[in-house]
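# Inside the fold
Given next are the chains, with one letter for each unit.
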Amino acid sequence: MRFLMLAVVALAMTGCASNVVTDYNSSVVFGNYSSWAFASGNGSSSFTSLDGTRVRSAVERELNRKALRQVSEAEADLLVSWQIVPEERLEQTGVGLGFGFGSGNFGWALSAPPPVREIEEGKLVVELADSKSKEVVWRAASRRYLNENQSPETRRELIDEVVAEMFTKYPPGLD
């Protein structure tokens, strides 16, 4: 019974953890912004990637839900920029091995750690900048990652979920 209670508490705490981190300029009055546009030169390629199309679509949907109008870059109050930042992490695969012997208060042991492999993943970062000052006023970064092993549908769903969660925290101060 005690184990079951601990498992329920741990599960509840994990459900409360946010998958995004936001930061913003506290001196900005976000109510003054009513329009937005994607910043020119967003992305490093002349082509829009598959994930880029997914991100743009999700951002457009979420900003429309916030009653912000999409306009040309010259008319926009906010400029939207996003990027998928590559990050590497180590992942343990398999099981470590060990053996030992001893008696009483004395013994010897030898062990080998589990095999480790390097995985490259992408973290989504979305920034909103004031079009006049060109300074970032709001930023959100995902704690969930895209990786090359995900199917196109999984990637689309993940991007949609992450962007939706990002914009639940915009404008700041309403949570």
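Source: prediction; values computed, not measured.

The next point concerns unusual backbone geometry. Look at the link from Tyr 170 to Pro 171: it is a cis peptide, with omega at -10 degrees. Locating Pro 171 in the fold gives a position in the segment after α3 (152-167). The phi angle at Lys 134 is positive, at roughly 60 degrees, despite the residue not being glycine. Position of Lys 134 among the secondary structure elements: in the loop between β7 (116-130) and β8 (136-147).

Over its 16 residues, helix α2 (residues 50-65) runs 23 Å from end to end, which matches the ideal 22 Å to within 8%, given 1.5 Å per residue. Listed as buried for α2 are Asp 51, Gly 52, Arg 54, Val 55, Ala 58, Val 59, Glu 62 and Leu 63. Summarising the axial view, the buried residues of α2 lie within an arc of 160 degrees, below the 170-degree limit, and thus occupy one face. Those residues of α2 hidden inside the fold are in contact with β2 (35-38), β4 (78-92), β7, β8 and α3. Ala 67 lies just past α2 and shows a positive phi near 60 degrees.

A few words on the packing of aromatic side chains. The final tally for this structure, using the stated rule, is 7 aromatic pairs. Judged by centre distance (6.3 Å) and plane angle (75 degrees), the rings of Tyr 24 and Phe 30 are edge-to-face. A residue is classified by how much of its surface remains accessible, and Tyr 24, at 39% relative accessible area, is partly exposed. The exposure class of Phe 30 is buried, given its relative accessible area of 10%. With centroids separated by 5.6 Å and ring planes inclined at 90 degrees, the aromatic side chains of Phe 30 and Tyr 170 adopt a geometry described as edge-to-face. In this pair, Phe 30 sits in the loop between β1 (20-24) and β2 while Tyr 170 sits in the segment after α3, placing the two residues 140 residues apart along the sequence. Owing to a relative accessible area of 3%, Tyr 170 belongs among the buried residues under this scheme. Counting every residue linked through ring pairs, the aromatic cluster contains Tyr 24, Phe 30, Tyr 33, Trp 138, Phe 167 and Tyr 170. For the cation-ring pair, Arg 56 lies above Phe 38, with the distance from its terminal atom to the ring centre recorded as 4.0 Å.

Moving on, we come to a negative patch on the surface. Taken together, the side chains of Glu 88, Glu 118, Glu 120 and Glu 148 present a region of like negative charge at the surface. Within the secondary structure, Glu 88 is located in strand β4.

Time to look at the nonpolar core. In this structure, Trp 138, Met 166, Phe 167 and Tyr 170 are the most contacted members of the largest nonpolar core, which totals 28 residues. Listed by contribution, the elements that provide at least two residues to this core are β2, α2, β4, β7, β8 and α3. Residue contributions to this core peak at 6 residues, all from α3. Apart from the residues lying within four places of it in its own chain, the contact partners of Met 166 are Val 20, Thr 22, Leu 124, Val 126, Trp 138, Ala 140, Ala 141 and Ser 142.

About the cut-offs
- Within any chain, residue numbers begin from 1 and follow the written order of that chain's sequence.
- With the structure being a predicted model, the display of local features is reserved for residues of pLDDT at least 70 and the display and counting of side-chain atom pairs for 80 or more, all residues being used for whole-chain, interface and lining totals.
- Note: side-chain values were computed over all heavy atoms of the structure, leaving out hydrogens and water.
- Think of it this way: any DSSP run of H or I at least four residues long counts as a helix, any run of E at least two long counts as a strand, and we number them from the N terminus.
- Take the number of residues in a helix, subtract one, and multiply by 1.5 Å to get its expected span.
- Partly exposed describes any residue whose relative accessible area lies between the buried limit of under 20% and the exposed limit of over 50%, with all areas from a 1.4 Å probe on protein chains only and scaled to the type maximum.
- Each C-beta atom gives one direction from the helix axis, and the arc is the one those directions make.
- Should any heavy atoms of two residues lie within 4.5 Å, those residues are considered in contact.
- Two aromatic rings, drawn from Phe, Tyr or Trp (for Trp, its six-membered ring), form a pair once their centres lie within 6.5 Å of each other, and the interplanar angle then sorts them: stacked below 30 degrees, edge-to-face above 60, tilted otherwise.
- By the criterion adopted, a ring carries a charge over it if an Arg CZ or a Lys NZ lies within 6 Å of its centre and within 35 degrees of its normal.
- Excluding any residue in a salt bridge, patches collect residues exceeding 30% relative accessible area, merging like charges within 9 Å and nonpolar Val, Leu, Ile, Met, Phe, Trp and Tyr side chains within 5 Å.
- Where accessible areas are quoted, they stem from the Shrake-Rupley method and a 1.4 Å probe; at the residue level, only the protein chains shown are allowed to cover.
- Throughout this description, the term salt bridge denotes a Lys or Arg side-chain nitrogen within 4 Å of a carboxyl oxygen of Asp or Glu.
- We treat Lys and Arg as the positive residues and Asp and Glu as the negative residues; His and chain ends play no part in the count.
- Taken as the charge centre is NZ of Lys, CZ of Arg, CG of Asp or CD of Glu, depending on the residue.
- Joining through side-chain atoms within 4.5 Å is the link that ties buried Ala, Val, Leu, Ile, Met, Phe, Trp, Tyr and Cys residues into a set, and such a set is a nonpolar core.

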